[in-house]
Amino acid sequence: MTVNLEVDEGVGTIRLDRPPMNALDIATQDRLREVAEEASRRDDVRAVVIWGGEKVFAAGADIKEMQAMDYEAMAVRGRALQDSFTAVARIPKPVVAAVTGYALGGGCELALCADIRIAAEDAKLGQPEILLGLIPGAGGTQRLSRLVGPSKAKDLIFTGRMVKADEALTIGLVDKVVPAEQVYAEARAWAERLARGPALALRAAKEAVDGGLETDLETGLAIERTLFAGLFATEDRTTGMRSFVEEGPGKAKFR
């Protein structure tokens, strides 16, 4: 399999495994969707790490495969391509991308689907599709601009240039930069911490933020209000408030 889900102590690692560069061909895209949907369903997965291995995250689409496709073929395939990445973005649990080596084109777009991104010091990210006479087609024009703002997104998309980890951190494309050998450990530590948290509250928080970004402030506040009230029906809310009153903050043990 080119994409696998490994689960340990509440953390599901979505592992890309298509050497040497984890090129995202059609079969890998479809498998990515399947694995993301599995991670969404499984109760034993409380948080997710997306990981391409020690050397590379994902260097983009399979260009040779794409070269053989015409307009009609891509008009049919385009929705499935986006759906594969959207399945990752819609995992209703905290998701962190552990970025090593290259995250280019589809690789960068996959990292954008995570809630946060931890990158190696020598990582390089970018959307080089313009150099092929194309634009990003797996969500890059939309998710990148929402993350770093339209001006910085246009700079990266218009020029197709790669950015090193330090610049990616400065513009908000990644959230933390660590030595390459520590990337997965850092990402897993973040995931493990949240895997011990209140699952329904974390799910609601993600839904409120993501849903609110897609609409106006008034509608976003209504989304927040509804989700906030709904959590008062959960066992986790009871556990968290009782622990706070009896033991102080940060000591609750959620099921």
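Fair warning: this is a prediction, and the values are worked out from it, not measured in the lab.

(A) Structural detail: the overall build of the protein chain. Along the backbone of the protein chain there are 11 helices and nine strands. C-alpha atoms of the protein chain, sized along the principal axes, occupy 65 × 40 × 35 Å. Every one of the 255 residues in the protein chain was classed for burial, and the buried ones make up 44%. Considering only residue pairs separated by 6 or more positions, the protein chain has 69% of its internal contacts joining residues 24 or more positions apart. As displayed, the protein chain has an accessible area near 13,600 Å², and 55% of this comes from carbon and sulfur atoms. Distance between charge centroids for the protein chain: 2 Å, based on 33 positive and 39 negative side chains.

(B) Structural view of the nonpolar core. Grouped together as the largest cluster of nonpolar side chains are 58 residues, with contacts concentrated most on Phe 57, Val 99, Leu 125 and Leu 173. With residues up to four places along the chain from it excluded, the contact list for Leu 125 reads Val 99, Ala 103, Leu 104, Cys 108, Arg 161, Met 162, Val 163, Ala 168, Leu 173 and Val 174.

(C) Fine view of the layout of surface pockets. There is about 1,100 Å³ of room inside the largest pocket. In this structure, the largest pocket is lined by 37 residues; those nearest its centre are Ala 89, Cys 113, Arg 143, Asp 210 and Glu 214. Where the lining of the largest pocket is concerned, the elements lending two or more residues are helix H3 (71-89), helix H5 (140-148), helix H8 (183-195) and helix H9 (199-213). When residues in the lining of the largest pocket are grouped by element, the largest group, nine residues, is from H9. Its residues placed into classes, the lining of the largest pocket shows 17 nonpolar, eight polar and 12 charged. Its boundaries defined by the atoms lining it, the second largest pocket holds a volume of some 490 Å³.

(D) Expanded view of the side chain of Thr 234. Tracing the sequence through the fold places Thr 234 in the loop between helix H10 (217-230) and helix H11 (235-247). Among the residues examined, Thr 234 registers a relative accessible area of 12% and is labelled buried. A polar contact of 3.2 Å, which involves the side chain of Thr 234, links it to the backbone nitrogen of Arg 237.

(E) Region of the structure containing the environment of Arg 143. When you line up the elements, Arg 143 lands in helix H5. Along the sequence, Arg 143 and Leu 112 sit 31 residues apart, while their C-alpha atoms lie 6.4 Å from each other. Those residues in contact with Arg 143 that sit more than four places away from it in its chain are Phe 85, Thr 86, Ala 89, Leu 112, Cys 113 and Ala 138. A distance of 3.3 Å separates polar atoms of two side chains, one belonging to Arg 143 and the other to Thr 86.

(F) Structural detail: a nonpolar patch on the surface. On the surface, a nonpolar cluster with roughly 250 Å² of combined accessible area is contributed by Met 21, Tyr 102 and Met 162. If you trace the backbone, Met 21 turns up in the loop between strand E2 (11-16) and helix H1 (26-41).

(G) View of the packing of H5 against helix H6 (residues 150-159). Running from N to C, H5 and H6 cross one another at 135 degrees; their axes reach a closest spacing of 7 Å. Considering their axes alone, H5 and H6 lie oblique with respect to each other. The element H5 and its partner H6 pack so that their crossing is right-handed. Side by side, H5 and H6 meet where Gly 140, Thr 141, Leu 144, Ser 145 and Val 148 of the first sit next to Pro 150, Lys 152, Ala 153, Leu 156 and Ile 157 of the second.

(H) Highlighting the sheet that holds strand E1 (residues 3-8). Strand order in the open sheet formed by six strands is E1-E2-E3-E4-E6-E9, and the pairing between neighbours is mixed. Taken across any chain shown, the strands that pair with only one partner, and hence form the sheet edges, are E1 and strand E9 (176-178). Between one strand and the next, the sheet's axes are offset by a mean angle of 20 degrees, whatever the strand orientation. Here E1 runs beside E2; their pairing, made up of six bridges, is antiparallel. Bridging from a neighbouring strand, Val 3 pairs with Leu 16 of E2.

(I) Broad picture of the sheet that holds strand E7 (residues 124-126). In spatial order, the strands read E5-E7-E8; together these three strands make up an open sheet with mixed pairing. Each edge of the open sheet is held by one strand with a lone partner, namely strand E5 (102-104) and strand E8 (162-164). Put simply, the sheet's adjacent strands are angled 20 degrees from each other on average, direction ignored.

Conventions adopted
- Residues numbered from 1 in each chain as written.
- Predicted model: local features only at pLDDT ≥ 70, side-chain atom pairs only at ≥ 80, totals over all residues.
- Heavy atoms only, no water.
- Helix = DSSP H or I, 4+ residues; strand = E, 2+ residues; numbered from the N terminus.
- Buried < 20%, exposed > 50% of the residue type's maximum accessible area, 1.4 Å probe, protein only.
- Contact = heavy atoms within 4.5 Å.
- Areas by Shrake-Rupley, 256 points an atom, 1.4 Å probe, with all protein chains shown as cover.
- Lys, Arg positive; Asp, Glu negative; His and termini not counted.
- Charge placed at Lys NZ, Arg CZ, Asp CG, Glu CD.
- Core = buried A, V, L, I, M, F, W, Y, C linked by side-chain atoms within 4.5 Å.
- 1 Å grid on protein atoms, 1.4 Å probe; cavity = no way out; pocket = protein on both sides within 12 Å on 5 of 7 lines; lining within 4 Å.
- Points joined across faces, edges and corners; volume = space filled by probe spheres on them.
- Nonpolar A, V, L, I, M, F, W, Y, C, P; charged D, E, K, R; others polar.
- Polar contact = N/O pair within 3.5 Å; in protein donor to acceptor, adjacent residues only side chain to side chain.
- Patch = residues over 30% accessible without salt bridge, like charges linked within 9 Å, V, L, I, M, F, W, Y side chains within 5 Å.
- Salt bridge = Lys/Arg side-chain N within 4 Å of Asp/Glu carboxyl O.
- Axes fitted to C-alpha atoms, helices over the stretch in contact; angles between N-to-C directions.
- Parallel < 35°, antiparallel > 145°, perpendicular 65-115°, else oblique.
- Left-handed = near helix turned anticlockwise from the far one by under 90°.
- Pairing = 2+ DSSP bridges.

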